Amino acid sequence: MDIASGGTQVIPFRLFALLILAIGLACGPAHADRRVALVIGNSAYKSAPKLGNPVNDATLVGGMFKKAGFDSVDVRLDLSASEMRRMLREFAGRTRDADMAVIYYAGHGIELDGNNYLIPTDATLETDGDVLDETIPVERALFAVEPAKQLRLIILDACRDNPFAKTMKRTLASRAVGRGLAKVEPTSPNTMIAFAAKAGSTASDGDSRNSPFAAALVEHLPKPGLDLRKAFGFVRDDVLKATGYKQEPYVYGSLGGDDVPLVVKQTATGPQANPQEAVRRDYELALQLGTRDGWEAFLAAYPDGFYANLAKGQLNKIAAEEARAAAEQKAKAAEQEKTRLIAERAQKAEQEKAAAAAKAAEEARIAAEKQKQVEQARAEAAEQQRKVAEAAAAKALAEKQAAEKAKAELAARQAVERAEQGAKPAADRQMPEVENQKVAALSPGPTSTLSAADLAKSVQSELRRVGCLTSAAEGEWTSAAQRSLTLFNKYAGTQLDVKLASVDALDALKAKPGRVCPLVCNFGFKADGDQCVKITCRAGYRVGDDNECEKIPERKPAARDEPRRRDQERKDAESAAPKSQASGQMICNGAGCRPVAKGCRLGSVKNIYGSSLTTEICN
């Protein structure tokens, strides 16, 4: 689980160092006189998925404490709630005569209403109220290390993503269950609590046998003479690099001004005075703070030297991180702007697409309406043709019934006549040839019940109906009717005799429900249903040779011939003889000039001296 740090209050560097020094005066320098450690690793949870690394991490850290020469190292794995309480109670008894007490816990932890709890393996945590009964408060671990004289250290590798927090029921809506662990401010001096990740954030369990946090701990904590604050700073750097700067370990609490190593460095002689010791301590304090204000305060106190250069490098690092964060924010804003613009363009494209679809739908509706009108006109024409056909059929049926009736009446009369003739003497039954011819003429033909005129007219009416005859139906079988029946044979595929009107031709024509012969229109007309209508072209167009409207070609002026024509006209005008004018001429003498009188003209005469003079000559 993660630990989110709260806001850091900036204290002037010198005052901060003096406060820490004042707190540490009661303790003095830490010595590795008697050191005890309790290591707990919980992996096999009964009500949650098993964790892979806590048992391995606890075994690794426990071995590190043993190699570091701790007087007592107790490693316990997969403890229940009662077992954890018993182990903390026993460990509290061992810390009474210890100078350094350390508790390391790896497993699940949870934060409830700002308090942190360690989760045993038998916890179920069905509701948030179960946290108080089934878990171990971190305050219980602080109580266990409190008797130690010089250093009290608790290391919590419990910042994993906790499954219990996701499934437990809330008894109060206002009760907060945080993500990770909450930050801790120890009240006892010389007490440190190290989290695997900042408060409010989660830690990685790692892809290898051990978590990145545990691997960094065993790398830096046992280094002889290395102050714990600096050691945890190295741990922080290693974990940040290993997790791609996603997990940042954090340390809460404070120590005195003297170095507090987990393992004391053995020296042959006593400690020697180091003129850079004060600068180094202040540098390490600034390093632990890790803020711009801290480093600027350090440089204000120590503007030159080795540690000043290091501090400037740390400031450059912070500046680079700030620039990276600003660039990342700027890139994020640019990406959001890009996404917004894309969305707006997409919205505009969708609007244009919708407008185009609406336009297409309207055009389709108009086309459908026109098609409906066309189909309706066709249906009405077909219905009209049906009525005409039914009327013709009814008429033909009536004519056929009338003919059959006439035939029956004639047969009846002939039967009566034959009976009467049988009763007469043989001589009387002799009838002149004229009478026989008359009886024969009264007998109807065996092949038709219609007269020749009616049959011809009926066939012509049907030819007109199927579009093969354009003239009116007549009682005579004319040459126009023969040509019409020939057209019917051509387009209907029949072979009827065209020389006369026959019942077979009538039946074949009645069998066709609609037009058979195509409608032929004269030039300048076009077919419109069963009629020929005149072709009307818009302005600037005329009916072409293909009986379609075509654009009238524009007559271009002969640009080259026009100047030549004007030159020729000018030459002709210049070469033409001037026409005599009856008036409009002027004559001048010593008295002045005047117009030539009407009916007069100018001419030349000779004077007495033989010279030519221009004078007015009147006839």
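If you're wondering where the values come from, they're calculated on a predicted model, not measured in any experiment. (Residues numbered from 1 in each chain as written. Predicted model: local features only at pLDDT ≥ 70, side-chain atom pairs only at ≥ 80, totals over all residues. Heavy atoms only, no water.)

### Quick look at the overall build of the protein
For step 1, the next point in the chain: Check the secondary structure of the protein and you find 16 helices and 17 strands.
For step 2, the next point in the chain: Here the protein, with 619 residues, has 31% of them falling under the buried criterion.
For step 3, the next point in the chain: Sequence-distant contacts in the protein: of pairs separated by 6 or more residues, those separated by 24 or more amount to 64%.
For step 4, the next point in the chain: Carbon and sulfur atoms form 53% of the exposed surface of the protein, whose accessible area is close to 38,000 Å². (Helix = DSSP H or I, 4+ residues; strand = E, 2+ residues; numbered from the N terminus. Buried < 20%, exposed > 50% of the residue type's maximum accessible area, 1.4 Å probe, protein only. Contact = heavy atoms within 4.5 Å. Areas by Shrake-Rupley, 256 points an atom, 1.4 Å probe, with all protein chains shown as cover.)

### A closer look at unusual backbone geometry
For step 1, the next point in the chain: Positive phi, close to 50 degrees, is recorded for D78, a residue that is not glycine.
For step 2, the next point in the chain: Note on placement: D78 falls in the loop between β2 (72-77) and α3 (81-94).
For step 3, the next point in the chain: Judged by relative accessible area, which is 31%, D78 ranks as partly exposed.
For step 4, the next point in the chain: For D113, which is not glycine, the phi torsion reads 50 degrees and is therefore positive.

### Examining the packing of aromatic side chains
For step 1, the next point in the chain: Enumeration over the complete set of coordinates arrives at 10 aromatic pairs.
For step 2, the next point in the chain: Taking 4.9 Å as the distance between ring centres and 50 degrees as the angle between the ring planes, the aromatic pair formed by F65 and F70 counts as tilted.
For step 3, the next point in the chain: What makes F65 buried here is its relative accessible area of 0%.
For step 4, the next point in the chain: Each residue in the set Y283, W295, F298, Y302, F306 and Y307 is aromatic and connected to the rest through ring pairs, giving one cluster.
For step 5, the next point in the chain: A cation over an aromatic ring shows up here: R538 above the ring of Y541, its NZ or CZ 4.2 Å from the ring centre. (Phe/Tyr/Trp six-rings, centres within 6.5 Å; stacked < 30°, edge-to-face > 60°. Lys NZ or Arg CZ within 6 Å of the ring centre and 35° of its normal.)

### Focus: the pairing of strand β8 (residues 191-195)
For step 1, the next point in the chain: Counted residue by residue, β8 has 5 buried out of 5 residues, so it is predominantly covered.
For step 2, the next point in the chain: Neither face of β8 is exposed, since T191, I193 and F195 on one face and M192 and A194 on the opposite face are all buried.
For step 3, the next point in the chain: Pairing between strand β7 (residues 151-157) and β8: 5 bridges, direction parallel. When the bridges of β8 are listed, L156 appears paired with F195.
For step 4, the next point in the chain: Bridge analysis of β8 against strand β9 (residues 250-254) gives 5 bridges, and the strand direction is antiparallel. Residue pairing across strands places I193 opposite Y252, the latter belonging to β9. (Pairing = 2+ DSSP bridges.)

### What to know about the environment of A377
For step 1, the next point in the chain: Of note, A377 is situated in helix α11 (residues 306-423).
For step 2, the next point in the chain: Note on A377: relative accessible area 42%, which makes it partly exposed.

### Section: the state of the cysteines
For step 1, the next point in the chain: In this structure the tally under the stated criterion is 4 disulfides.
For step 2, the next point in the chain: With its sulfur 1.8 Å from that of its partner, C468 forms a disulfide with C517. Between C468 and C517 the sulfur-sulfur dihedral comes to about 85 degrees; the bridge is accordingly right-handed. Highlighted residues: C468 in the loop between α13 (452-465) and α14 (479-492) and C517 in the loop between α15 (503-510) and β10 (525-528), separated in sequence by 49 residues.
For step 3, the next point in the chain: Given a relative accessible area of 5%, C468 falls into the buried group.
For step 4, the next point in the chain: Residue class for C517 comes out buried when judged on its relative accessible area of 2%.
For step 5, the next point in the chain: Between the sulfur atoms of C537 and its disulfide mate C549 the distance is 2.0 Å. The sign of the S-S torsion, about -90 degrees, decides the handedness of the disulfide formed by C537 and C549: left-handed. You can see C537 sitting in the loop between β11 (531-534) and β12 (541-543) and its partner C549 sitting in strand β13 (residues 549-551), a full 12 residues away along the chain.
For step 6, the next point in the chain: Residue class for C549 comes out partly exposed when judged on its relative accessible area of 35%. (Disulfide = S-S within 2.5 Å.)

### Quick look at the confidence of the model for the protein
For step 1, the next point in the chain: Mean pLDDT over the protein works out to 81, with 83% of the residues at or above the 70 mark.
For step 2, the next point in the chain: In this model, residues 1-32 is a region of pLDDT below 50 whose contacts with residues beyond four sequence positions or in other chains number 83 contacts.
For step 3, the next point in the chain: When the criterion is pLDDT under 50, residues 429-448 qualifies, and its contacts beyond four places in sequence or with other chains add up to 12 contacts. (pLDDT = per-residue confidence, 0-100.)

### A few points about the sheet that holds strand β4 (residues 109-112)
For step 1, the next point in the chain: With antiparallel pairing, 3 strands are arranged side by side in an open sheet as β4-β5-β6. The two strands at the open ends of the sheet, each matched to only one other strand, are β4 and β6 (136-137).
For step 2, the next point in the chain: As paired elements, strand β5 (residues 115-118) and β6 share 2 bridges and run antiparallel to each other. Each bridged residue has a counterpart across the sheet, and for L118 the counterpart in β6 is I136.

### Remarks on the side chain of T191
For step 1, the next point in the chain: Counting through the fold element by element, T191 comes out in strand β8.
For step 2, the next point in the chain: Here the side chain of T191 touches S188 through a polar contact of 3.1 Å, landing on its backbone oxygen.
For step 3, the next point in the chain: Sequence-distant contacts of T191, that is, excluding residues within four places in its chain, are made with L142, R152, P186, Y252, G253, S254 and L255. (Polar contact = N/O pair within 3.5 Å; in protein donor to acceptor, adjacent residues only side chain to side chain.)

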